[in-house]
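Coordinates in review
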Amino acid sequence: MTGRGAGGGPSKISSRRGGGIVRTVGILVAAAALLFPAAAQQSSGPKLPSSELKEPFVFSKVDTDLLTQADLLDQRFGKDGLVYRDAAVEAYVDRVGQSILPSATPPERINWRFRVLRDPLANAFALPNGSIYVNSGLLALMDNDSQLAGVLAHEITHVTGRHGYLSNRSRRKKAVAIHVFQAVASFAPDTAWGISLLAVGIVAPAILVCTINGYDRELERQADGYAVDKLIAGGYDAGELASVFRLLQKKFEIETTKIYYNDHPKLEERVSFVSNLARGKAPPEGSKPRVANTEQYFAETEKVLRHNVQLATESGRHRTAVAMAQRLVDRNPKSSDNLLALADGYRSLGPRTPEVPEDEKGRKEVQKLKKKTTPAEEEAALAAKPTGQAAEKANQKKAEELYARALELDASNARAYRGQGFLWEKMQETTKAAEAFRKYLEMTPEAPDRVRIERRLAAVEKGLRPPVERAR
Amino acid sequence: MSFTARALSLLAALMLAAGPVAAASRSSGTQIHPKVKSKEKTIRQVLLLPAQVEIQRSGMKGGEGMLKESEDVSLKILDAVGKALKDRGFQVADKPPAAAGDEAQYSLASLQKRYDAVAVQLHKRMKDVSKGRFTLGDEVANYGPAAATDSVLFVRGQGTQLTGGKKAFGILVAGAKASTMRCYVTLVDSKSGEVLFTTMVFVTGGGFIDRTEEVFRKPLAKALQKIPAAT
């Protein structure tokens, strides 16, 4: 849940301040120093480790508690349907991850797991127990296996360097009371995406803050440096890590908040740091250079990339959905499913233009509209404007063409008929809409959304408008 | 008085101040869709979706996760909601449906996310439910078990369990003085996706972890009284 309102409870209470604050602060500061001696020594924070610790890491109770929470979070991700399950995709990501793991036996209490998270936000993060998650949104943005290896190598360093534990200890020593719900609310104040980050925040605010803002600058540099070393040692093109940072600079939506993986100044700095580092290092003797494999990367991930388009649409990231679907079509224009994904993307765009118009970038009114309205209301407000109506017409035309092309390539693609049904229903071409819905129901008698489509068909036959339209 | 004696008396005062506070709970912001109020729409069956309740321990050294406790409380709250609904005469499935298979799990996750997207506004402007403002769309029926029922119930909660030190700090200086939880219970029409009913249960003084049912049942029952009976 990202609701700011829900987080408002504790914050409301904490905002109440009684009189005599100034008087009591002095007493309490002294009391805190007595009760929590560690807080008084905050300036001598933990010593930064090397990427692979030379001395064994000694676990304290605070660390084992964090580890327990991380294990529980792994289970939660699985149980809540957030982990993408597909044997081939899982095996591919694991294979790339294994290829850049440190050669030594895994350090104590680390069990390497590489998983794909069903989240359209371009992000990746590591838990201290060795679980590394790459969001489907980041997979969709990348071009080849070297880039994936670079991201995984970066995250591996956070685990081997015990950065999660160290950040947690550091935060506790500084006695910084980060309220997880507030942190999450400030990150995603107006949308439901970034669901994985909320879950991370529940485990440990320290990890949430690191995932959103990045770890300490020194630790991030260390992770980038180690990733470059590992890529070179593994025969990958280390410059591809810099390419990932360049790809992350692409903006598809009006973002209301920054996160580390999408923060321009930091990314530019990282591009030059990694590029310089990669140029100055030669591959070890006898190592076999690998060519960045775009074809294989695409073939192995195509299914999850299509799934990501659907997730982006469901999360209200309509422009991202279209951009990612277009990449799919560019790579494999003969796939009926890819054309269908793009058609669905254009249909869901509704009154939005495929790219953020220049005059909307950074405009406070646009952000305000997002914060004050539900997704349906936002769409209705846009559709009421002449520009929105023009955009909607253009998107519908594009979607109509794409559905037809998807069916030309594969006439048995039932979901294309469903998409046509929705599109024509919106365009008030009721006869065609009813026919398309009937075709879909005939072709997929066991469809999980059968009841919904039957209701839509009945409504179309009665000449009723779609439910969302009526709700406006 | 020596420094040690002064420190010890201060510590004792703080411990005393941070002692247990009696739990209190109430429901507020209860709102009903005009169609339900006018009996144009009648709720008979309710499908309980897994509750999403998150609890955090908040101490002087910041917040810490309580994942295990959060899961336990989620189940207990859902149980309390189920009992309160049954007492009011609704047909309720005993347990939330276990999503079998990846596709069913994804479908349930999508439905929960769809609610969260609307909840951003809904939890801020609960009174707009009475104006029929909120809808999740007919996509609710994409989730198989939802298609076979009248309405779907969502539970969202966030709680903060304060440590003794944090309570003492709150009492003497500023900030939260007691553990609190906010829990939103919302009924959605499984056909149209319209939000039919919502309420928020606010618990203060703790008790939401170890006495969950006791703390939630009464305010829930009171809120549900506002829904016209099915018969």
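This one's a predicted model, so the numbers in the text were calculated from it and none came from an experiment. (Residues numbered from 1 in each chain as written. Chains lettered and ligands numbered in written order. Predicted model: local features only at pLDDT ≥ 70, side-chain atom pairs only at ≥ 80, totals over all residues.)

1. Topic: the overall build of chain B
- Scanning chain B for helices and strands turns up seven helices and eight strands.
- Split into buried and exposed, the 231 residues of chain B put 55% on the buried side. (Helix = DSSP H or I, 4+ residues; strand = E, 2+ residues; numbered from the N terminus. Buried ≥ 20, exposed ≤ 12 C-beta atoms within 10 Å, placed from the backbone.)

2. Digging into the sheet that holds strand β2 (residues 124–126) of chain A
Residues and elements named next belong to chain A.
- Reading across the sheet, the three strands line up as β1-β3-β2 and stay open at both edges, with mixed pairing between neighbours. The open sheet is flanked by β1 (113–117) and β2, the only strands paired with a single partner. Pairwise comparison of adjacent strand axes, ignoring direction, gives a mean angle of 20° for this sheet.
- When β2 meets strand β3 (residues 131–135), the two strands line up antiparallel, connected through three bridges. By the bridge assignment for β3, Phe125 is matched with Tyr133. (Pairing = 2+ DSSP bridges. Axes fitted to C-alpha atoms, helices over the stretch in contact; angles between N-to-C directions.)

3. Side note on helix α16 (residues 318–331) of chain A
All names here are of chain A.
- Here α16 contains 14 residues, and its C-alpha end-to-end distance of 20 Å stays within 8% of the 20 Å for a straight helix at 1.5 Å per residue.
- Buried residues of α16: His318, Thr320, Ala321, Val322, Ala323, Met324, Ala325 and Leu328, and no others.
- Each element contacted by the buried residues of α16 is listed here: α6 (136–141), α15 (294–314) and α17 (336–349). (Expected span 1.5 Å × (residues − 1). Contact = placed C-beta atoms within 7 Å.)

4. Details of the nonpolar core
- In this structure, Leu152 of chain A together with Ile77, Val81, Leu153 and Val155 of chain B are the most contacted members of the largest nonpolar core, which totals 151 residues.
- Here this core spans two domains, and each of domain 1 (4–11 + 57–279) and domain 2 (298–471) of chain A adds at least three residues to it.
- If sequence neighbours within four positions are ignored, Val155 of chain B has contacts with Ala51, Gln52, Val53, Ile77, Leu78, Val81, Cys183 and Val185 of chain B. (Core = buried A, V, L, I, M, F, W, Y, C linked by C-beta atoms within 7 Å. Domains from an automatic or database assignment.)

5. Description of the pairing of strand β4 (residues 62–65) of chain B
Residues and elements named next belong to chain B.
- Summarising the sheet, strand β3 (residues 52–59) and β4 pair through four bridges and their orientation is antiparallel. Its bridge partner being in β4, Gln56 is matched across the sheet by Gly65.
- The loop that links β3 with its antiparallel partner β4 comprises two residues.

6. A word on the environment of Ala51 of chain B
All names here are of chain B.
- Examined against the element boundaries, Ala51 turns out to sit in the loop between β2 (45–48) and β3.
- Given 24 C-beta atoms within 10 Å, Ala51 falls into the buried group.
- Through-space distance from the C-alpha of Ala51 to that of Leu153 is 8.9 Å; in sequence the pair is 102 residues apart.
- Contacts of Ala51, omitting those with residues within four sequence positions, involve Ser74, Ile77, Leu78, Val155 and Gly157.

7. Examining unusual backbone geometry
- With phi around 55°, Arg162 of chain A is a residue other than glycine that occupies positive phi space.
- On the basis of neighbour counts, which here come to 22 C-beta atoms within 10 Å, the residue Arg162 of chain A falls in the buried class.
- The phi angle at Lys39 of chain B is positive, at roughly 65°, despite the residue not being glycine.
- Position of Lys39 of chain B relative to the elements: it lies in the loop between α2 (34–37) and β2.

8. Quick look at the packing of helix α3 (residues 67–87) of chain B against helix α7 (residues 212–224) of chain B
Residues and elements named next belong to chain B.
- Running from N to C, α3 and α7 point in directions that differ by 40°, and their axes come no closer than 9 Å. By the angle class used here, α3 and α7 are oblique. In this structure, α3 crosses over α7, and the sense of that crossing is right-handed. In contact with Val73, Lys76, Ile77, Asp79, Ala80, Val81, Lys83, Ala84, Leu85 and Asp87 of α3, α7 contributes Thr212, Glu213, Phe216, Arg217, Leu220, Ala221 and Leu224.
- For the contact of α3 with α7, the residue count by class is ten nonpolar, one polar and six charged. (Parallel < 35°, antiparallel > 145°, perpendicular 65-115°, else oblique. Left-handed = near helix turned anticlockwise from the far one by under 90°. Nonpolar A, V, L, I, M, F, W, Y, C, P; charged D, E, K, R; others polar.)

9. Remarks on the domain arrangement of chain A
Residues and elements named next belong to chain A.
- Taken domain by domain, chain A consists of domain 1 (4–11 + 57–279) and domain 2 (298–471).
- Contact residues are listed per partner, giving 21 residues for domain 1 and 23 residues for domain 2.
- The set of elements that each furnish at least two residues to the side of domain 1 that touches domain 2 consists of α5 (87–99) and α6.
- Per-element accounting of the side of domain 1 that touches domain 2 gives the leading share, four residues, to α6.

10. Looking at the environment of Glu268 of chain A
- If you trace the backbone, Glu268 of chain A turns up in helix α14 (residues 264–279).
- Sequence spacing of Glu268 of chain A and Lys393 of chain A is 125 residues, and the spatial spacing of their C-alpha atoms is 38 Å.

11. Here we look at the pairing of β3 of chain B
- Here seven bridges tie β3 of chain B to strand β6 (residues 151–162) of chain B, and the two strands are oriented parallel to one another. Along β6 of chain B, the bridge assignment pairs Gln56 of chain B with Thr160 of chain B.

12. Focus on the environment of Pro289 of chain A
All names here are of chain A.
- Summarising the element assignment, Pro289 is placed in the loop between α14 and α15.
- What makes Pro289 exposed here is the crowd of 10 C-beta atoms within 10 Å.
- Considered as a pair, Pro289 and Ile156 are 133 residues apart in the sequence and their alpha carbons are 21 Å apart.
- Residues within four places of Pro289 in sequence aside, it is in contact with Gly235 and Pro283.

13. Describing the confidence of the model for chain B
Residues and elements named next belong to chain B.
- For chain B, per-residue confidence averages 86 on the pLDDT scale, and 86% of positions sit at 70 or higher.
- Mean pLDDT across the secondary structure elements of chain B bottoms out at helix α1 (residues 3–17), with 60, and peaks at strand β7 (residues 180–189), with 95.
- Overall fold confidence (pTM) sits at 0.83, and the ipTM for the predicted complex is 0.84. (pLDDT = per-residue confidence, 0-100.)

14. A closer look at the packing of helix α21 (residues 414–426) of chain A against helix α22 (residues 430–443) of chain A
Residue and element names in this part refer to chain A.
- Axis separation between α21 and α22 bottoms out at 8 Å; the angle between their running directions is 155°. Judged on the interaxial angle alone, α22 and α21 are roughly antiparallel. In this structure, α21 meets α22 at a crossing whose hand is left-handed. When α21 is examined against α22, the residues Ala414, Tyr417, Arg418, Gln420, Gly421, Trp424 and Glu425 are found in contact with a partner set consisting of Lys432, Ala433, Ala436, Phe437, Lys439, Tyr440 and Met443.
- Residue composition of the contact of α21 with α22, grouped by class: eight nonpolar, two polar and four charged.

15. Description of the confidence of the model for chain A
All names here are of chain A.
- Per-chain confidence: chain A averages 79 in pLDDT, with 75% of residues scoring 70 or above.
- Considering each helix and strand of chain A separately, the mean pLDDT is smallest for helix α1 (residues 4–15), with a value of 29, and largest for α17, with 98.
- Taken together, the stretch residues 1–50 has pLDDT below 50 and engages in 81 contacts with residues farther than four places along the chain or on a different chain.
- Low pLDDT, under 50, characterises residues 176–194; the predicted model gives this stretch 64 contacts beyond four residues in sequence or across chains.

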